Amino acid sequence: MARKKKKVRASFRKNREVRTRENDLTRHYGDEAAEDHLQGERISGKGALTRKRTVAGGEVVEDEAGEYILPEVDTTVCRPGRVLRVQGLVSIVRDEQGELFSCATRRLLKTLATDQRHVVAAGDHVWFRPEGQGEGIIERVEPRQGLLSRTSRGRRHVLVANVDQIVVVASAAEPRIKPNLIDRFLLTAEKTEIRPVVCINKIDLVEPADLMPLVGVYSQLGYQVLLVSATTGQNIDQLRELLSGRDTVLSGQSGVGKSSLLNAIEPGLGLRVQTVSSESQKGRHTTTTAELFPLACGGHVIDTPGIRQFQLWDVIPEEVPGFFRELRPYVSRCRFPDCTHTHEDFCAVKDAVADGRIDTRRYESFTQIAAGDEA
């Protein structure tokens, strides 16, 4: 993380200032009042109308989320804490003594120009100012690492922050497994350097041998794969050990049993669960917001809402081959340096697919992601 102290000139969002002109100004065209208004108004990019301001005492900070402003806080009145969950305009923050606060977010943070959809996310380390009984104001969000993000309405939606491991949860059945969605999570883990684990739940509903081809592909690439059942308890102890002492996010499509797995690992959580729709075979959204839980075995785990589509953030087609472990060794062997590995002749990647050295399904997943297709 790079920091530099200076007077910071920051960009703000469009709604930082109130409207400078009256909506009905033209209705009174010719009126003496309207003429006075026009004569006194400054049509300029400076002064009160500008969307750039100086943030006193701030720092320019660069982390995984990019470059942004880190405001100065008074540590004599503010406390450090961690965001457990975000509910609308309110963030639930736990301080170092374990006390919970319902916090609003400082207006400065909300109005600084950013490509992020939300300023605060579950897992954030923050400084907040207590205000009254069990309430407070988030004054600063500390630099982040280990982000899980996706694109939402053209902006960056940070699902969770400050995790060092992602457990991609899929289900062997009900709903059916979606390998392409798993690949998207693995690609994000490769990009953000978060340790990935593939966890296939509900193996009690299928013959485990049927999963071996898929498990074999991921295992050969060096990904750890766990076959578990929240219903029977199979391999739950292994999953608990995997989470111990780490900050982990559980993510995957709706209905795969993320909350059920957490209830099996930590029975005291009592998370609400639902069955999968028998008609659509799609999961119902039981978890509505990402939430961080401390574990008795040490570490934290963040349960996330089910995702049916995962559109990657800040990934261009040219980068995609580098995030597929099996494609990397062949990319530099193609005849053309700008090879897309889809239609060109003398493509080492396509030759490896034809020879069976690259799994066909994984190659098809690569082409879909590089083309920008949704999961």
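The following paragraphs examine the structure supplied in this document. (Residues numbered from 1 in each chain as written. Predicted model: local features only at pLDDT ≥ 70, side-chain atom pairs only at ≥ 80, totals over all residues. Heavy atoms only, no water.)

## So, the state of the cysteines
Point 1. Counting across every chain of the model gives zero disulfides.
Point 2. Not engaged in a disulfide, the cysteine C347 finds its nearest cysteine sulfur in C339; these two sulfurs lie 3.8 Å apart.
Point 3. Given the relative accessible area of 1%, C347 is considered buried. (Disulfide = S-S within 2.5 Å. Buried < 20%, exposed > 50% of the residue type's maximum accessible area, 1.4 Å probe, protein only.)

## Some words on helix α3 (residues 179-192)
Point 1. The end-to-end C-alpha distance of α3, which contains 14 residues, comes to 20 Å, matching closely the 20 Å that a straight helix rising 1.5 Å per residue would cover.
Point 2. Burial of α3 is extensive: 13 of the 14 residues sit out of reach of the surface.
Point 3. After α3 finishes, the residue E193 shows a positive phi value of roughly 60°. (Helix = DSSP H or I, 4+ residues; strand = E, 2+ residues; numbered from the N terminus. Expected span 1.5 Å × (residues − 1).)

## Section: empty space enclosed by the protein
Point 1. One pass over the full model with this rule turns up one cavity of 30 Å³ or more.
Point 2. Considered as a void within the structure, the largest cavity measures approximately 30 Å³ in volume.
Point 3. Lining the largest cavity are V168, V169, A170, K178, L181, I182, F185 and Q253.
Point 4. Among the secondary structure elements, those contributing two or more residues to the lining of the largest cavity are β13 (165-171) and α3.
Point 5. Class assignment for the residues of the lining of the largest cavity results in six nonpolar, one polar and one charged. (1 Å grid on protein atoms, 1.4 Å probe; cavity = no way out; pocket = protein on both sides within 12 Å on 5 of 7 lines; lining within 4 Å. Points joined across faces, edges and corners; volume = space filled by probe spheres on them. Nonpolar A, V, L, I, M, F, W, Y, C, P; charged D, E, K, R; others polar.)

## Describing the packing of aromatic side chains
Point 1. Considering all chains together, one arrives at five aromatic pairs under this definition.
Point 2. Aromatic pair F101 and F128: ring centres 4.9 Å apart, planes at 50°, arrangement tilted. In this pair, F101 is assigned in strand β8 (residues 100-105) and F128 in strand β9 (residues 125-130), connecting sequence segments 27 residues apart. Take F101 and F128: they sit in the same class, and that class is buried.
Point 3. Judged by centre distance (6.4 Å) and plane angle (75°), the ring pair of Y218 and Y223 falls under edge-to-face.
Point 4. Taken together, the ring pairs in this structure connect F324, Y363 and F366 into an aromatic cluster.
Point 5. Directly above the aromatic system of Y223 lies the positively charged group of R325, at a separation of 3.9 Å from the ring centroid. (Phe/Tyr/Trp six-rings, centres within 6.5 Å; stacked < 30°, edge-to-face > 60°. Lys NZ or Arg CZ within 6 Å of the ring centre and 35° of its normal.)

## Focus: the packing of α3 against helix α9 (residues 360-370)
Point 1. Taken N-terminus to C-terminus, the directions of α3 and α9 make an angle of 70°; their axes are 10 Å apart at the nearest point. Considering their axes alone, α3 and α9 lie roughly perpendicular with respect to each other. Here the hand of the crossing between α3 and α9 comes out right-handed. Across the interface between the two elements, P179, N180, D183, R184, L186 and L187 of α3 pack against R361, R362, S365, Q368 and I369 of α9.
Point 2. Partitioned by chemical class, the residues of the contact of α3 with α9 number four nonpolar, three polar and four charged. (Axes fitted to C-alpha atoms, helices over the stretch in contact; angles between N-to-C directions. Parallel < 35°, antiparallel > 145°, perpendicular 65-115°, else oblique. Left-handed = near helix turned anticlockwise from the far one by under 90°. Contact = heavy atoms within 4.5 Å.)

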